[in-house]
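Remarks on the overall topology
Listed below are the residues making up each chain.
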Amino acid sequence: MSYSILIVDDSMPMRTVLKRSLAAAGYGGARILEASNGKEALTVMEGDWVDLIMTDYNMPEMNGFSFLKKVKNEALFKDIPVVVVSTEGNDSKIKEFMDAGAAGYVTKPFTPEALRDLIVSIIGEADYEESIDDSDDEFDF
Amino acid sequence: MKKVLMTAMTNSISEVMETMFFMPVEIGPEMMLNDADIDLNNALACRLNFTGDICGNIDVISPEPLVAELTSNFLGETKAGLTWEQQFGTLSEMLNMVCGNALKNVKCQQPYRLGIPEEITSSDLNGTAECTLIKTMDSTMAMLLSILVSQ
């Protein structure tokens, strides 16, 4: 099964790194959608189904927390797991996100292994064959 | 408190640089930015504001070739085709990670919040301020912590 993953981050380099980390974690075959803030992500989601959302917290226009609340309050989107990938890693912030319905929280810096373990626990293993076929990345940590 | 914050920042730098940029670093001495042997006219600089028990900002100033190397390592692309956006975005992300990672380890009453990194130029920098040097294999960048309000 090929997954569709939405990456929401205002940093273009960080979106690239997340894509490469996903490929390294075995999700190279996933269809990756991108948005640079929560508002843009909601627009993307109106036109495309996604299986998993990975969002930053600190973004202009609509931050990751407001975005998470919007997703969880929308009947069509509320079951989509949302993983927060953020530099802000204090316990109260993590609790705030988890209480609001986040499926997981990854603090930067992270390793692809940590990212993989979390994603597998949420959406399951990637189709390894497909991931290898579709990925032209030579990415090794 | 500034010393506690700076210690947290320097510990964080090593972790971020090794984990995300595959670049071991050595934390150098503190000195005036003007004495740091960094050509400010050929450097990229970035500032990040933070608020919490202490409010302030942290600047990173890096020679352009070092930014290119960081970006190349971070994105897995060759240095030749890198755009300014990629390079500045990478430097911003590095500062963001260093600061966020450091502040989560500092005991506080009020959780710290980070701003959005912004580009600064040499005219925004105080050359007589004390900065901490971060030495890589073949280059050096500087990090400068300024406390604005202590609550």
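Along each chain, residue indices are assigned from 1 in the same order as the chain's sequence is written. Numbering of ligands from 1 and lettering of chains from A proceed in the order in which they are written. Where totals are concerned, whole chains, interfaces and linings use all residues; where local detail is concerned, this predicted model gives features only for residues with pLDDT of at least 70, and gives and counts side-chain atom pairs only at 80 or more.

Considering the overall build of chain B
Threshold: Only DSSP runs of H or I with at least four residues qualify as helices, and only runs of E with at least two residues qualify as strands; both kinds are numbered from the N terminus onward. Atoms counted for the radius of gyration: C-alpha only. Globule rule: 2.2 Å times the number of residues to the power 0.38. Using C-beta atoms placed from the backbone, we call a residue buried if 20 or more other C-beta atoms fall within 10 Å of its own, exposed if 12 or fewer do, and partly exposed for counts in between. By definition, residue pairs are in contact when their C-beta atoms, positioned from the backbone, come within 7 Å.
Counting its secondary structure elements, chain B contains 3 helices and 7 strands. Secondary structure of chain B in N-to-C order comes out as α-β-β-β-α-α-β-β-β-β. Taken against the 2.2 N^0.38 rule, which gives 15 Å for 151 residues, the C-alpha radius of gyration of chain B at 15 Å falls within 12% of a compact globule. Considered along the principal axes of its C-alpha atoms, chain B spans approximately 45 × 30 × 25 Å. Residues classed as buried in chain B amount to 40% of the 151 residues present. Taking as baseline every contact in chain B between residues at least 6 positions apart, the subset at least 24 positions apart corresponds to 71%.

Some remarks on the sheet that holds strand 5 (residues 104-107) of chain A
Each strand in a sheet pairs with its neighbour through backbone hydrogen bonds, running either in the same direction (parallel) or in the opposite one (antiparallel). All names here are of chain A. Filter applied, for reference: By the convention used here, strands pair only if DSSP detects at least 2 bridges between them. Each axis is a line fitted through C-alpha atoms, and for a helix only the stretch in contact is used; angles between axes span 0 to 180 degrees, taken between their N-to-C directions.
Here 5 strands make up an open sheet; going across it, the order is 2-1-3-4-5 and the pairing parallel. The sheet is open, and its two edges are formed by strand 2 (31-35) and strand 5, each paired on a single side. The mean angle between the axes of side-by-side strands here comes to 20°, regardless of whether they run parallel or antiparallel. In this structure, strand 4 (residues 82-86) lies alongside strand 5, joined through 4 bridges in parallel fashion. Bridging across to strand 5, valine 84 finds its partner in tyrosine 105.

So, the interface of chain A and chain B
Defined as follows: Note that Gly is not counted as nonpolar here; it falls among the polar residues with everything else outside the nonpolar set of Ala, Val, Leu, Ile, Met, Phe, Trp, Tyr, Cys and Pro and the charged set of Asp, Glu, Lys and Arg.
In this assembly, 19 residues from chain A lie in contact with 22 residues from chain B. Elements that contribute at least two residues to the side of chain A that touches chain B include exactly helix 1 (12-27) and helix 4 (91-99) of chain A. Of the residues forming the side of chain A that touches chain B, the biggest block, 6 residues, is contributed by helix 1 of chain A. A class-by-class count of the residues in the side of chain A that touches chain B yields 7 nonpolar, 8 polar and 4 charged.

Remarks on the confidence of the model for chain B
Residues and elements named next belong to chain B. What counts here: pLDDT is defined as a per-residue confidence score from the predictor, taking values between 0 and 100.
Looking at chain B as a whole, its pLDDT mean stands at 89, while 98% of the residues score no less than 70. The weakest mean pLDDT in chain B belongs to strand 7 (residues 140-150) at 85; the strongest belongs to helix 2 (residues 64-75) at 95. Interface confidence for the predicted complex, given as ipTM, is 0.81, next to a pTM of 0.85.

A word on unusual backbone geometry
Cis geometry marks the peptide bond from A:Lys108 to A:Pro109, where omega comes out at 0°. For A:Pro109, the location among the structural elements is in the loop between strand 5 and helix 5 (112-123). Of note, A:Glu61 is a non-glycine position whose phi angle comes to about 70°, a positive value. Of note, A:Glu61 is situated in the loop between strand 3 (52-55) and helix 3 (64-73). Even without a glycine there, the phi angle at B:Asp37 is positive, about 60°. Within the element layout of this structure, B:Asp37 appears in the loop between strand 1 (26-32) and strand 2 (43-51). Note on B:Asp37: 10 C-beta atoms within 10 Å, which makes it exposed.

Description of the packing of helix 1 of chain A against helix 3 (residues 84-103) of chain B
Definition in use: Oblique is the label for any angle not covered by the other classes, which are roughly parallel (under 35 degrees), roughly antiparallel (over 145) and roughly perpendicular (65 to 115).
Orientation of helix 1 of chain A relative to helix 3 of chain B, taken along the N-to-C sense of each, is 80°, at an axis distance of 7 Å. Our classification of the angle between helix 1 of chain A and helix 3 of chain B gives roughly perpendicular. Side by side, helix 1 of chain A and helix 3 of chain B meet where A:Met12, A:Pro13 and A:Met14 of the first sit next to B:Glu85, B:Gln86, B:Gly89, B:Thr90 and B:Glu93 of the second.

Details of the pairing of strand 3 of chain A
Residue and element names in this part refer to chain A. Residues Leu52 and Met54 of strand 3 are buried on one face, and the alternating residues Ile53 and Thr55, pointing to the opposite face, are buried as well. Relative to strand 4, strand 3 runs parallel, the two sharing 3 bridges. Within strand 4, the residue paired with threonine 55 across the bridge is valine 84.

Some thoughts on the environment of B:Gln87
Residue and element names in this part refer to chain B. Inspection of the secondary structure puts glutamine 87 in helix 3. It is 9.9 Å that separates the C-alpha atoms of glutamine 87 and leucine 66, two residues lying 21 residues apart in sequence. What glutamine 87 contacts, discounting residues up to four positions off in sequence, is Leu44, Val67, Ala68, Thr71 and Leu82.

A few points about the confidence of the model for chain A
Residues and elements named next belong to chain A. When pLDDT is averaged along chain A, the result is 87; 87% of the residues meet or exceed 70. Ranking the elements of chain A by mean pLDDT puts helix 6 (residues 128-134) last, at 45, and helix 3 first, at 97. Below a pLDDT of 50 lies the segment residues 128-141, which in the model reaches 26 contacts outside its immediate sequence neighbourhood of four places, other chains included.

Some points on helix 3 of chain A
Residue and element names in this part refer to chain A. Filter applied, for reference: By construction, the arc corresponds to the directions joining the helix axis to the C-beta atoms.
Looking at helix 3, one finds that the buried residues are Gly64, Phe65, Phe67, Leu68 and Val71. Within helix 3, the buried residues cover an arc of 160° as seen down the axis, which keeps them to one side. Where helix 3 is buried, its residues contact strand 1 (4-8), helix 2 (38-47), strand 3, strand 4 and helix 4.

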